[in-house]
Amino acid sequence: MIPFVLFSMKRAWQGFWRNALMSLAATLTMVLMLSLLAGFFILQNVLLASLAFVEQKVEVVAYVQNTATDGQVQTLIANTKAMPEVASVEFISRDQALDRFKATQEAQGRTDLSQYLESNPLYASINVKLASPTELETVTGALRQDPIVRNVLNIQALVDRVLTVTSVVRTAGVAMVGIVGLIVLFIIVNTIRLAVVARAEEIEIMRLVGASDAFIRWPFVFEGALVGLLGAVVTILLLTAGAEPISRAVVGFFNVLPIELGSLGRDTAVIVLVTGLGLGVLGSWVSVRTYLIR
């Protein structure tokens, strides 16, 4: 078994260089298509990070009665933090709420009239960030049952719209990557098939001298794997060389997003490598199989 594998690998290497022009064309096509696939994969992950960032901005605001004691407020905060549906809780005192109101008025260029107020008319509140926007109803219901909570802002309609938009965008992103993947599959397999077609006479001669199907097939399969591996390595090198400018461009464009591109780069490299090898082997296997069936 091992001698046959080594022999097939040797013939694949010889075939790769004997038909260098077609091999180069197939490799370049592999690099272009894998780069396209990697680009869409990166964009999809940036899109998903953007949607997750938007969903994390959904906040439940519960206003606290002015008669609530510090102990009651601390108990409410502790109970809210203990809920598995809650990501974080921030307490805004009446004075902090007034300061934020003044800052907003100033930022909008409006005249500050709060100095004429005899007392602070605003309520203290707790701002609750959810682990998922789908947990809004659960958290809102729990807060409304607390006796010191005066009111909870109703943002159900807004959350429903956010979830609808993010769901549609996520589905569209997955569909786009799937379509691009099918296009990449079609182009690469057909490019390798053309490379095999160009060597049809070589296959026919081997058949005429009585070569077995395995003797004909496996050198081509290893040659396809070599093309896929070479294309994947070149693509990964190109992506590595462009990682820093790509990172700066992405973070610069989405400057409000805490995107970590390290793990994304590793995932992209693995996908490129596996896809390149898989398509190289698949393209060769399918192409040679046509001749063997004949």
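Each remark here, short or long, concerns the structure printed above.
Residues numbered from 1 in each chain as written. Predicted model: local features only at pLDDT ≥ 70, side-chain atom pairs only at ≥ 80, totals over all residues. Heavy atoms only, no water.

**As for the overall build of the protein**
Link 1 in the chain: If you tally the helices and strands in the protein, you get 10 helices and 4 strands.
Link 2 in the chain: Along the protein, helices (α) and strands (β) appear in the sequence α-α-β-α-β-α-β-α-β-α-α-α-α-α when read from the amino end.
Link 3 in the chain: Out of the 294 residues in the protein, the part that is buried amounts to 36%.
Link 4 in the chain: When contacts within the protein are restricted to residue pairs at least 6 apart in sequence, long-range pairs at least 24 apart make up 86% of them.
Link 5 in the chain: In the structure as shown, the protein presents an accessible area of about 17,200 Å², 64% of it carried by carbon and sulfur atoms. (Helix = DSSP H or I, 4+ residues; strand = E, 2+ residues; numbered from the N terminus. Buried < 20%, exposed > 50% of the residue type's maximum accessible area, 1.4 Å probe, protein only. Contact = heavy atoms within 4.5 Å. Areas by Shrake-Rupley, 256 points an atom, 1.4 Å probe, with all protein chains shown as cover.)

**Some remarks on the sheet that holds strand β4 (residues 149-152)**
Link 1 in the chain: Taken in spatial order, the 4 strands make up an open sheet running β2-β3-β1-β4, and their pairing is antiparallel. Strands with a single pairing partner mark the edges of an open sheet, and in this sheet they are β2 (86-92) and β4. Each strand axis lies, on average, 25 degrees off the axis of its neighbour in the sheet, ignoring direction.
Link 2 in the chain: For strand β1 (residues 59-64) and β4, the ladder comprises 3 bridges, and the chain directions are antiparallel. When the bridges of β4 are listed, V64 appears paired with V149.
Link 3 in the chain: Each of β1, β2, β3 (125-130) and β4 is contacted by helix α5 (residues 136-144), which is oriented at about 155 degrees to β3, the strand it contacts most. (Pairing = 2+ DSSP bridges. Axes fitted to C-alpha atoms, helices over the stretch in contact; angles between N-to-C directions.)

**Regarding a nonpolar patch on the surface**
Link 1 in the chain: On the surface, L229, V233, L237, V270, L273, V274 and L277 cluster together into a nonpolar patch covering about 560 Å² of accessible area.
Link 2 in the chain: Where the nonpolar patch is concerned, the elements lending two or more residues are α8 (213-241) and α10 (261-293).
Link 3 in the chain: A total of 4 residues in the nonpolar patch trace back to one element, the largest contributor, which is α10.
Link 4 in the chain: Along the polypeptide, L229 turns up in helix α8.
Link 5 in the chain: By relative accessible area, which is 37% here, L229 ends up partly exposed. (Patch = residues over 30% accessible without salt bridge, like charges linked within 9 Å, V, L, I, M, F, W, Y side chains within 5 Å. Salt bridge = Lys/Arg side-chain N within 4 Å of Asp/Glu carboxyl O.)

**Side note on the pairing of β1**
Along any regular strand, the residues point their side chains to alternate faces of the sheet.
Link 1 in the chain: Bridge count between β1 and β3: 5 bridges; the pairing is antiparallel. Of the residues in β3, the one forming a bridge with E59 is K129.

**A word on the nonpolar core**
Link 1 in the chain: Ranked by size, the top nonpolar core spans 23 residues in total, and within it I126, V128 and L143 carry the most contacts.
Link 2 in the chain: Among the elements of the structure, β1, α3 (70-81), β2, β3, α5 and β4 are those that each provide at least two residues to this core.
Link 3 in the chain: The contacts of L143, once residues within four sequence positions are left out, are V60, A62, L76, T80, I126, V128, V149 and V152.
Link 4 in the chain: The next biggest cluster of nonpolar side chains, apart from the first, holds 15 residues, and it includes A26, L34, V180 and I188. (Core = buried A, V, L, I, M, F, W, Y, C linked by side-chain atoms within 4.5 Å.)

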